[in-house]
Structures are given as structure tokens and as C-alpha cells.
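Coordinates in review
Spelled out, the chains give:
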There are 2 protein chains.
Amino acid sequence: MNFEIKHKDAMGRTGILTTPHGMIKTPALMPVIHPGKQTLDVKKFGAEVVITNAYIMYKNDDLRAKVLEEGVHKLINFPGPIVTDSGSFQLSLYGDIDVNNKEIIEFQELIGTDIGTSLDIPTPPFVKRERAEKELEITIERAKEAFEINGDMMMNSVVQGSTFHDLRSKCAETIGAMEFDVYPIGAVVPLMESYRYTELVDVVMASVKKLPDSQPRHLMGAGHPMVFALAVAMGCDLFDSAAYILYAQDDRFMMPRGTFKLANLVEMPCSCSVCSTHTPEDLRAMNKNDRMILIAQHNLNISFAEIRKIRQSIVDGSLMELVEQRCRVHPYLLDALRNLKKYTAIIEEYDPASKNSAFFYSGPESLGRSEIQRHLSRINRIPPKRNLLLLPRSRKPYSKNLHDEFGKFYLKHVKGDSLSDPQDLWDDLQLAVVDVPFAVIPLEIDEVYPLAQNEAPIITDEDAKKFVREEMEKYMERFDNVIISAKILDRFNMYTIELDSGNETSKHPIRVYSLEEYELDAVKIDVEDREKISSIADYQFGMGAGKALFPGDVKIVKSRKTGKIRHIYEGETLIATLRATDSVFVLDREGARRLHSNMEYPKNRVVVNTDADPFAREGKSIFAKFVIDCDINIRSNEEVLIVNEKDELIAFGKSILCGHEIMDFNTGQAVKTRKGGI
Amino acid sequence: MNFEIKHKDAMGRTGILTTPHGMIKTPALMPVIHPGKQTLDVKKFGAEVVITNAYIMYKNDDLRAKVLEEGVHKLINFPGPIVTDSGSFQLSLYGDIDVNNKEIIEFQELIGTDIGTSLDIPTPPFVKRERAEKELEITIERAKEAFEINGDMMMNSVVQGSTFHDLRSKCAETIGAMEFDVYPIGAVVPLMESYRYTELVDVVMASVKKLPDSQPRHLMGAGHPMVFALAVAMGCDLFDSAAYILYAQDDRFMMPRGTFKLANLVEMPCSCSVCSTHTPEDLRAMNKNDRMILIAQHNLNISFAEIRKIRQSIVDGSLMELVEQRCRVHPYLLDALRNLKKYTAIIEEYDPASKNSAFFYSGPESLGRSEIQRHLSRINRIPPKRNLLLLPRSRKPYSKNLHDEFGKFYLKHVKGDSLSDPQDLWDDLQLAVVDVPFAVIPLEIDEVYPLAQNEAPIITDEDAKKFVREEMEKYMERFDNVIISAKILDRFNMYTIELDSGNETSKHPIRVYSLEEYELDAVKIDVEDREKISSIADYQFGMGAGKALFPGDVKIVKSRKTGKIRHIYEGETLIATLRATDSVFVLDREGARRLHSNMEYPKNRVVVNTDADPFAREGKSIFAKFVIDCDINIRSNEEVLIVNEKDELIAFGKSILCGHEIMDFNTGQAVKTRKGGI
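Residues numbered from 1 in each chain as written. Chains lettered and ligands numbered in written order. Predicted model: local features only at pLDDT ≥ 70, side-chain atom pairs only at ≥ 80, totals over all residues. Heavy atoms only, no water.

On to the environment of T460 of chain A. Positionally, T460 of chain A belongs in the loop between strand 19 (454-455) and helix 20 (462-476). We classify T460 of chain A as buried; its relative accessible area is 14%. Put simply, T460 of chain A and R491 of chain A are 31 residues apart on the chain and 8.0 Å apart in space, counted from C-alpha to C-alpha. In contact with T460 of chain A, other than residues within four places in its own chain, are V436, K465 and R491 of chain A together with R338 of chain B. (Helix = DSSP H or I, 4+ residues; strand = E, 2+ residues; numbered from the N terminus. Buried < 20%, exposed > 50% of the residue type's maximum accessible area, 1.4 Å probe, protein only. Contact = heavy atoms within 4.5 Å.)

Listed below in C-alpha cells is the structure:
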């Protein structure tokens, strides 16, 4: 009876949910089965869990007698986990039903449901606030009652609150504190039916950000593959689909690209066995029921394929690429994706620090990705210099491909007066490349993931230009003098107009630069190894980490094959290794010790209790339940220090979860220990 | 032995290619079959045509004897159309082969090939110009020789010219004039292998724009479903794929989303029968050959499914939506799509005037679509007024949803001095809405397709803002005074800074407006029916059409159900009907007569020869071969006049093809006649 995360990407996760009737791989789609009539054997299509309606069984005398006698698994002939809904759906349709919360919960327990549901009130979107508040009160009361009544059955508790974000958050926080097993997000079907995906994003994010990380979330009534990827990226784990059969009854094919009516088809829409062995004419010539069965099969095939693609993309670290593709299929989904940008700060906390795949820019929406926000925040960890030289893009990694950059440059005095001695510019000089989408890339860290592992089109859109201009300006403020390649001014439309002083320019969308033309000879593109390792350490672990790890003379060992930095020693002692795939440091014992003694508690730390202390020292991995504290800013896939309650360093390793999750979870691994015995 | 177009979208078309061994639905994928070894029965996956290599058969003594005896259809056990390649591929691999042009053409004819190929020189991309020119000369010479040698066999003639656009165009023009049956575009595999899709777009467009419209084009070596949609939108009809088997040998799954290596898979990538009945572990545990067969099956399933989706999207009129989705899967494909924008003027000539589906905005790239360019050109057909009132967006159609628009407005004097009498603004006033992506929509035509049949996100990207600002400015130049809603200035970042006169602003990316604040009371959103029908006619048929069709008093009959304008009469005579689905006029006899006598030759006309004259008068549809002249500016799906050689109006109807195609085709319908007997 637990939930364990296996892989993460954005706020999405793949995991395992354990129930009395077996394990469920998440994200999962739960086909809705009518308890009285079953048309398809959904197991064959990949269903590991199904959902059925307890209220229908409760109300129908025959079904009720039968299910009480033989149990729900036999009744609907499904041996795996079964979720039951409580009648809330009927409540939302008919306004009133004749069963109370206690009765329906006890009934679900009696029939052997794996995951039951209390009788929440599904308040529709856009109602008056008063109604939403009143109904939410009842929903929360019934959740509390359910918590008390319920025996061993796993339980859903549904987040309600209409389209009031604070009510959704409040509900999520309240029921989230009660340790239910699954948290559905309810009453969103009207939003999806009217393509109000922008509002859906707000409702889901308002809920998810207050729900515990350690339990799966179910986006109730979401059965169209168009929305699965976006919902998973926001942290949803479970979907249910009656749509596969309802759409089929109406001769409609579901696709991640939208819905297609049989009447309009000249070709079958997908690669599934139904689509590759029939033509639209075949189907139109069939009797209604045979046709319905085939279309339902297609709908299941395509829906489960989409779930598989999503799981794969989480493992690959390309979930946002999939989301950005899927959200292009309808302008309202694209609007929702654009709206998601305002939640980047939250998503960033969950997004892994390193991934298996490159960052692909798919349009202005990619500028809202966590990776970019994280980078722009982390470059502030590198100590500033006095002068800055901004270089144009080249192939990546820049430091290997820029070589000598000739051409026109411009000089901008950010602070102070004109320079008396131009030679002075070359002292204390920071080299950085300006490019889409990471804006400013200090050359020391240009091989760190994803700064070298990303691609964007050369033809640059206006949002990217604006974004880069703004971020570049912010970065420039840290320096006294900035030398800018003319190519950058060209590419990013940085118009160099000399305006009379005192002219009002603040309302302009583009800051007007006052630049002096400055002809440079060949620029030496050169970063010292010593500076490189120090900057990477700062960028990775926090300001000061470079000095902490490599305070004195170090021996830098390079790969004979690639010429890349591999190991950093002091004397014969290995401090850290720079991983070839993503150019971040993997600590060795000495590195861990140095970091630990120089970075203040709780920075970079995961604190385990005394029970786990001896196991960690042996190099065993750290399970979440043994963690008593941690640096909340830890991201998953980062190098972390493992300490005991006295802040003694006992091991170090790689985080599997992020800070919030490490604290919230009681199951599964939190840190994969590299070495103990310190 | 002909090619006929059935449906069109962008430069893409669905069609039927007739060969001695049957018909091929295009766009088509032709699996490559090795003449000596066949691994899969490709018919089962949807192959209607295959391609095999004549040179391999020619060189291998056993195969040669066998194929000469029994024919190529029996040898490779494929009863349908077979295309043979000539050995050019081997030439490109090994640099030299020992067969000449004449020998290989005669051999192909002897073995019963349906479509044979001459021995062109596949010049790779990015060679020196001298080499490209020299090799192209040989290619063209051999094409000429082939044309002379060849008997009844249908023939390919390959466009070469490396990455020199003028050479590609020259080659296309030269061989295009020789009436071959299929025009492959050759030597592009190195571009695709290195993801140089931007250069691929230039090469294909340089070729296609000079090739005859009336023959299919084959993008040689394009076998990855990632590029099919883009290539079809540029006018390619045929693809060949050895990739399905080559990728399978290397454990790689092809998807429209990219290529996936079995080693990295945790889930199967699609909904096909292979993917829904196996797991990656199953495959990894198999012996290499069994696994290869299954992956090849997947590759065929997904490739043919993609071809089906493309065909469907052409019929639906949503091909560019599909292309814009597909091009998001890799930043270099996105770059190619952005590069395609420079060919909008060419694509617009082929793009149908009306489509079955709405225009969906998927990002800044959608601003390059034909529909927008066409609209912005056609609004100039509506006679200008003196004053302009620009209104913000509402739900569509605007004229039904804007109602009374209150709020702040600004007044801009485009020409002349300040206004002495503000009341003067309300005379001769054009109302127009400003919105993404069509920029300026005069209210009279706001229901004409696709001005009401489009969706864009509310959160507006910077490219759209810039585009709308620029187009709005151009439109404003036609008026003396412009009144702009403050909401427009807000949404499109039109900063209203008062600058001292004489200040240099031309280098600014944004024009600085000099506007006077002007408080308006409620604005009357009202368009007179009379103006509406006149403007629609101008917009649809050209400036002056409104006056020509509706010069005097007309009777406007509206739908009792929807209140929309339906029929326009003068007295009892029906002039034209406004079609409900796209709000364009369908002429009646009187309308056709009026248009004909007022619009100068050859405007709106398709001219048929004397043979066809009597059939057209009877209302029979017009086949392309009877057309001797036409208005080259006719788009497909437009209302056109049918005249005889003396420019006597004999019928009218709807164009199936565009002007260029009507002139070039000798097969199939050009115009679906509505009525003859004039």
C-alpha cells in the first residue's frame, strides 16, 4: 500500500503504486468499466487497473446482491486493482443521490474495492464563490468522516474548489494532511469539454502544489490522450477513461492530435491493428455495434500508446518536448502551455538537475522551461569579475568551437565613467556567449548539462530575442565594463541609438544602449582549467564551493582521448571527477569532506537518523523514511552529502528525489549512495 | 499512364498515378525491395508500389537471367507497380559503375519495369560549383538520351544540381519540359542524414517551383516519417524507404517524433500491433533476425500510418497544422519550417481558397501561412474610406460578438493636420478588428473563410505582436484618420510616447505613435448589409466586383434560422448566394453574367476550346485538357467563369485546380461546373 517514484521529469514522475490486488505502473490510464455490462477486455490493451462505479452497484438490486456475494473483482471479471467511484459523478449529473457518505464507503469496503472514494461534492467551474465555499466545506467534512470510518481500504480523497485557486489549494492542503492514498482532482470535466485548458492548468497547479508528493494524483475524467502529457508534466499520475467507449458510440476516433469523426475520414488515423486492417468505408458499412467495438479498440490502443510514450519521455528526460509537441494540436492547449510558464518556479524545484536527453527548443514556450530559469539563477553563484566580453554563438560546446572571434565589438560602460586605459579591459575579464535559449553562458561552464546539450533553430523568434536581451542586461549589471560583439547586437535587434541624455526611454520595450564602437583585434577565447573547475563547482554546489574544493594547488588529469578534464587531485588524493556526459562533478571522499566543512548546514545535505547511520557508512543507499532533514533546495539527480543528526559526514551520493519529495516520502530511495566510510 | 489530382492543401496534393500494373494513391511510400532477398510482404502493410534496383539485377548473373526470363514482377513477387532505380545510388556510393545509360534503360524495359530511371549523376550537397555544373550537364544529356531511347516504359528523370538553387531550378525546367512521367529530386540523402533540413527546403523548393505540376515528384531516399509531412507540403508525392529495414537491422524504431533505439526503450513507442503485443525486454531477449523483422514491421506500420495521416490532412485542409506539429520534433526541422516562410508567395498560389477545417495557430511559424498573406493582399481589393476605427478582438465572428465596445480610444492623424471637427470622423468610416493572426479584419468580411474559422492563443507571442503592428500600420496608411482602441495598443505593445518632432526614430524596431487621447462614448458596431455584400464580392473576385454584381437596388434574403445573409436578388432574379459555411458567394447565372461583363479578360476566367464548348453549356465539368487559357491568379476552390475562345460566357463553376495547374494538366478535372446554359 504505497507509492514509489522511479523516474522524474518536470513535475511528472513514473512510479509504482502497490494495492491489495497488485502493482500499477504510473502514469496509468484506468478504463472505466460499467459494472453491469462489459464490452471489451481492457487487460488486453494494457490496462493494469480499472475504475468502476460503486453507486451503480449499490442502487441496482441484482448487481448489489451479486457484488456483495462474489466481490467486485469477480463481478467485473478483472483480477487486478479496482478503483470505485462513489456516486459523485451521478451527483454532478442529477444534483442529488440517495446514499450517504458512510453507506457508500462501507459498501465499497464490503465489495473488496482496492481504492474507494468518499462522497465529495463536485462543484462545477465558474460558480459563485459562496457556493464553492459551502460545498467545499461538505467535501472536506466528508473526507474527515471517511478517514474515520474507513478500515483497511485504500482511499481517494478528491480535491474540489471549483475554479477558485485558493479554495483548491486550501482543500489540497487540508485533505493532503490526512494521509489518503490517492488524491483525485475533481470537477474538471466541464473545463476539458469546453477546451478551457488555461483554466485547467490553474486548477491543477493550485491543487498539486499543496498536495503531498508522496501520493499519486488522479485527474478525474481526463480520458482524452490530447491532455495526458500536459497533465503528467503538472504532476498527475492517474487518468480514467470512459471516453474510449463514449466516443466510439459516437463514431469518434481519439488521437493525441484531436478527435476525428468517422464520417470525415478518408484514411484510418493511426498505426494500430484496427487502423491498419480496416478502411473508413469498411467501418461505415458495418453494423453500429461491431463498428463501436472496433473504434473503442482503437481508442484504447492509442490511449495506452500515449501513456507509454509519456513514461518513456520521463525516463528519457524529454517530457517537456513531448508536452510542447502535444500542445500545438489546438490553440487553446497552446494557450494553456503558455499559461504554465507562470508556474516555472514551482516546476523547477521538481525538475531533475541532469537528464538523459538534450534540451530541444520548440518555440517561445520553451523559454519557460525550468532548465533556463535554473541556469539564470545559478550563474549568480559564480563570483563576478570587473569586465565582461560577450561573444556570439558557435557550434557547441562553445569553448571548443569559437576559436578566435574577429569582427566589430562595442563597449558599454555599465558603471562609472569612460575608461582611461583601454588595456585595463582585459584584466579580470569574464568571457560569456550569448545564445538562445540560455541567454548568457559563462565560458567556464559551457559544457555543463544542458548548456552544451541543447539545440535551437538559427532563425530566432522575437520572444527569444527579447528574452535574451533582458537576461543579458541583467547579467551585464554585475560588471563595470562590457564589450559586446556586433554580431550579438545584430542577432538580437539591439539597436545602438545615441539618444540625448535625459530623454525618456523607460517606456520603450527595448532598452536603448549607449555604446562606443571599439575595434578589437582577434579575441583570445581561452579559459584556464583552474577557473573552469572552480566555476563549475560554484555553479553546481553554490557560491564558494570552488574555493572549498580546490583551495590550493591541484593536479588536473585530462582524458587522453578527448582532452577533457577528468580527475582533480591534490597530491595523490582524488577530490572529484568531472563526468564526461554532463560535465558536473562527482565527488570523491576528499571532495565530500571539503564541501561539508565549508558549506553551511543544511546546504547540499541529506540528514539520516541514527538507525540509518551505520548503513549509510557502509555505502548502502538511503531510503526516504530514514531521512529526518535535508536541504530543501536539493534537486533530483544532484550530488549530495549524507550526514547524521550531528551533521557528521557519513557518506555521499546522488539524489533520486528533490528536497520536497525527500521530506515527504516514506517509501522508496531518496539517495543513491556512492561511497560511505568517510 | 497519367497523374490526376484529387485534393489539395498548401503545395501538397492527393492524387492517382496510373501505371501499367495499376493505380497508386499519392502521396505514397514505396518500400525498397532488394531483388535478391525479401524479408517482408510489404503489401500487407499498405504498399501499393515498390522500388527495386535494376543495377543489382543487371550485375548478378543469376538474377539477371531469372528476371529476363520471368520479369521483375514475378522475381520480387509483387503484382503491383514497380519502380526501378538505375544504379545511380551505387554510383553515389562507389563513384563508378560498369553500365551505361542506354544499357540500363533497355534492361529496365526488358524486365517489365513500370517506371524506369535513367543513369543520372547524384552530385552531393556542398560540392564546388564547377563540379555540380559539369555533372548536371551529363545528367541532362542522359535524360535527353533516355527520352529518345525509351519506348513505352514510364520514366523517372532526376533533378540534380547539388545545393545550388539555380542549378536545381535549371535542371527542373529543362527536364520538366521533356514530359517524363515522374520527377525524382535526387542526392538529398546527405542533407537528411545530417539534419540539414533548412537546406533541404531550399533544394526542394528550387526544384518543385520549376517542375511541371502535372507529374508526381519523388523525394529520393526520404524514408523517415519525420520529414514526410513537410515534404508533401512542398509538393512531393512519392517517398521511398529502405530505412524501414536498415533502421531495423540497427535496432532502431522510426517515429514521426524521431528515432528511438531499442537499448534505450522502457516502453514500446507506438500503437501498432508489434508495439502493443511486445515489450522492449521481449525484443531484447529475441534473436537478432526475429527482432529485426518485428522492428521492420513497426517501421512500416508507422510510416504508412503517417502517409495516411498526411492524405487525410490534405482532404481536411489541415496539412500545415500537421507540418507545424511535426516540425517541432527537432529544432533543425523547426528551422526548416521557419525557412519555408520565404516561399509563402509561391505556396499561396497553390493553396486552396477555402478548406474544410479551421486555421489553427501553432506559433510564430503560422504567421507565414498562405491564408494570411492572401488575406492581407485581398483586403486591398476593398475600396478605401477616409476614416478608420480599429477595434479589439472578441469571440468570432466579430460582428456578432463585439456589440458595443466602450473604453479608451486614441486618434491618429495619418494624413493632414489635426481634425477641426471631431464629428467628421464618423463619416465614411471603416470598421476593422485587429487580431492574431490576420492582423486587420474589415468588419464587412469578418465571416469569410478563414477570418471567422481560426483560433489563436490569447497569450500573444512577440512575433505575432510585431507582425500585427506592422500590417496594421500598412493598412492605416490608406486612411486620413485612425481611431484605435486602447486595448489594441496594450495587447500589441504599441507604446504611445510623445517624442519631440525631428527626433530620429526610424531605427527603432517599433514605430512610435503620436496619438491623441480621445474619449469615445459607446461605439456603434454596425455594418450595413449593402456594404457587406459589396465588400465580400470585392474581396472574393477583385476590386469592382461588388459594384458589378450589385449596382442598384438589391433584395437581400436572410436565413430565418440564423439571420445570416443567404440570397441576393434583383427583382425576381437571383444574382448570387452567400454560402453559409465560408461566407463566400456562389454565383447564379445573372451574377456570372454581371461579373463577366464587368471584369476584364482574363480575370476570373477559364477558357475552353471549341470541342468543350457544347459540353460546358450543358453544365458538364471541365477537364484540364480542354482548357486553352485561364486567369493564372485563380486559386483552387474558387468560383470561376467558364468562357469560350471568343470570351463568351458559357458556364460557371468551382475551380478544382489553381491557375498554374489548370494550364499544365492534361488529365483530370479543372473546374466543377455549377451551371451552363447562359
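There's more to say after this.
What follows covers unusual backbone geometry. Residue P397 of chain B is reached from K396 of chain B by a cis peptide bond, and omega for that bond is -10°. Positionally, P397 of chain B belongs in the loop between strand 15 (387-391) and helix 19 (398-401). The omega angle of the peptide bond from V436 of chain B to P437 of chain B is 0°, so this bond is cis rather than trans. Relative to the helices and strands, P437 of chain B is located in the loop between strand 17 (429-435) and strand 18 (439-442). The phi torsion at Y195 of chain A lies on the positive side, around 60°, for a residue other than glycine. Relative to the helices and strands, Y195 of chain A is located in the loop between helix 8 (189-193) and helix 9 (197-208).

We now examine the sheet that holds strand 25 (residues 585-587) of chain B. All names here are of chain B. Spatial ordering of the open sheet is given by 22-23-24-25, a layout of four strands whose pairing is antiparallel. Sheet topology places strand 22 (555-558) and strand 25 at the edges, where each strand pairs with a single neighbour. Across the sheet, the mean angle separating the axes of adjacent strands is 25° when strand polarity is ignored. Relative to strand 23 (residues 565-570), strand 22 runs antiparallel, the two sharing four bridges. Following the sheet pairing, K555 is matched in strand 23 by Y569. This element, helix 22 (residues 529-541), spans strand 22, strand 23, strand 24 (573-578) and strand 25 of the sheet and lies at about 75° to strand 25. Relative to strand 24, helix 24 (residues 589-598) is tilted by about 90°, and along the sheet it contacts strand 23, strand 24 and strand 25. (Pairing = 2+ DSSP bridges. Axes fitted to C-alpha atoms, helices over the stretch in contact; angles between N-to-C directions.)

This part takes up the relation of the copies chain B and chain A. Mapping chain B onto chain A is achieved by rotating through 180° and translating by 0.0 Å along the same axis, at an RMSD of 0.1 Å. The superposition of one copy onto the other is thereby described by a two-fold rotation axis. Closest approach to the rotation axis within chain B is made by the C-alpha atom of C272 of chain B, at a distance of 2.0 Å. By residue overlap, the copies meet face to face through one surface: 100% of the interface positions of chain B are interface positions in chain A. (Least-squares fit on C-alpha atoms with pLDDT ≥ 70 in both.)

For P364 of chain A, the position within the fold is in the loop between strand 14 (359-360) and helix 18 (370-378). Here the alpha-carbon distance between P364 of chain A and D463 of chain A, two residues 99 residues apart in the chain, equals 5.8 Å. In this structure, P364 of chain A is in contact with D461 and D463 of chain A together with P364 and D461 of chain B, ignoring residues within four places of it in sequence.

This part is about the interface of chain B and chain A. Contacts between the two partners involve 61 residues from chain B and, on the opposite side, 61 residues from chain A. Where chain B abuts chain A, roughly 5,500 Å² becomes buried across the two surfaces, and 56% of that area is made up of carbon and sulfur atoms. In this structure, the connection of chain B to chain A is made through eight salt bridges. Of the charged contacts in the structure, one is a salt bridge between E267 of chain B and K25 of chain A, with a shortest N-O distance of 3.4 Å. Run the count over chain B and chain A and you get 33 residue pairs in polar contact (both at pLDDT 80 or more). Elements with a minimum of two residues in the side of chain B that touches chain A: helix 12 (273-277), helix 14 (288-316), helix 15 (319-326), helix 16 (331-340) and helix 20 (462-476) of chain B. Here the side of chain B that touches chain A takes nine residues from helix 14 of chain B, the largest share from any one element. Of the residues that constitute the side of chain B that touches chain A, the class distribution is 30 nonpolar, 14 polar and 17 charged. (Buried area = accessible area lost by both parts, 1.4 Å probe. Salt bridge = Lys/Arg side-chain N within 4 Å of Asp/Glu carboxyl O. Polar contact = N/O pair within 3.5 Å; in protein donor to acceptor, adjacent residues only side chain to side chain. Nonpolar A, V, L, I, M, F, W, Y, C, P; charged D, E, K, R; others polar.)

Next up on the list: helix 7 (residues 165-176) of chain A. Helical geometry note: an α-helix holds 3.6 residues per turn, so side chains three or four residues apart project in the same direction. Residues and elements named next belong to chain A. For helix 7, which comprises twelve residues, the first-to-last C-alpha distance of 16 Å matches the rise-based estimate of 16 Å (1.5 Å per residue) to within 8%. Of all the positions in helix 7, only L167, R168, S169, C171, A172, I175 and G176 are classed as buried. Looking at the buried side of helix 7, the elements it contacts are helix 6 (129-149), strand 9 (183-185) and helix 9. (Expected span 1.5 Å × (residues − 1).)

A separate point is the sheet that holds strand 2 (residues 12-19) of chain B. All names here are of chain B. Across the sheet, which stays open at both edges, the three strands sit in the order 1-2-3 with antiparallel pairing between neighbours. For this open sheet the edge positions go to strand 1 (3-9) and strand 3 (22-26), each flanked by a neighbour on one side alone. Pairwise comparison of adjacent strand axes, ignoring direction, gives a mean angle of 10° for this sheet.

All right, on to the domain arrangement of chain A then. Residues and elements named next belong to chain A. Parsing chain A into structural domains produces domain 1 (3-242), domain 2 (365-522) and domain 3 (533-676). The largest share of the area that domain 2 buries against domain 3 comes from R378, R381 and V448, three residues that together contribute 43% of it. Our count for the contact surface shared by domain 2 and domain 3 stands at two salt bridges. Two residues, K564 and E447, come together in a salt bridge whose shortest N-O distance is 3.6 Å. On inspection of domain 2 and its partner domain 3, the count reaches seven residue pairs in polar contact (both at pLDDT 80 or more). For the side of domain 2 that touches domain 3, the per-class residue count stands at seven nonpolar, three polar and five charged. (Domains from an automatic or database assignment.)

Counted under the stated rule, the structure contains 105 salt bridges over all chains. The shortest N-O distance in the salt bridge between K8 of chain A and E661 of chain A comes to 2.9 Å. Linking K8 of chain A in strand 1 (residues 3-9) with E661 of chain A in helix 26 (residues 659-664), this pair joins segments that are 653 residues apart in sequence. E661 of chain A matches K8 of chain A in its accessibility class, with the two residues each being buried. Ionic pairing is found between R593 of chain B and E590 of chain B, a salt bridge with its closest N-O pair at 2.8 Å. Of the two residues, R593 of chain B and E590 of chain B are both situated in helix 24; the distance of three residues between them amounts to about one turn of the helix. For R593 of chain B, a relative accessible area of 36% gives the class partly exposed. By sharing partners, the salt bridges in this structure join D9, E321, E324, D351, K355, R369 and E371 of chain A into a single network.

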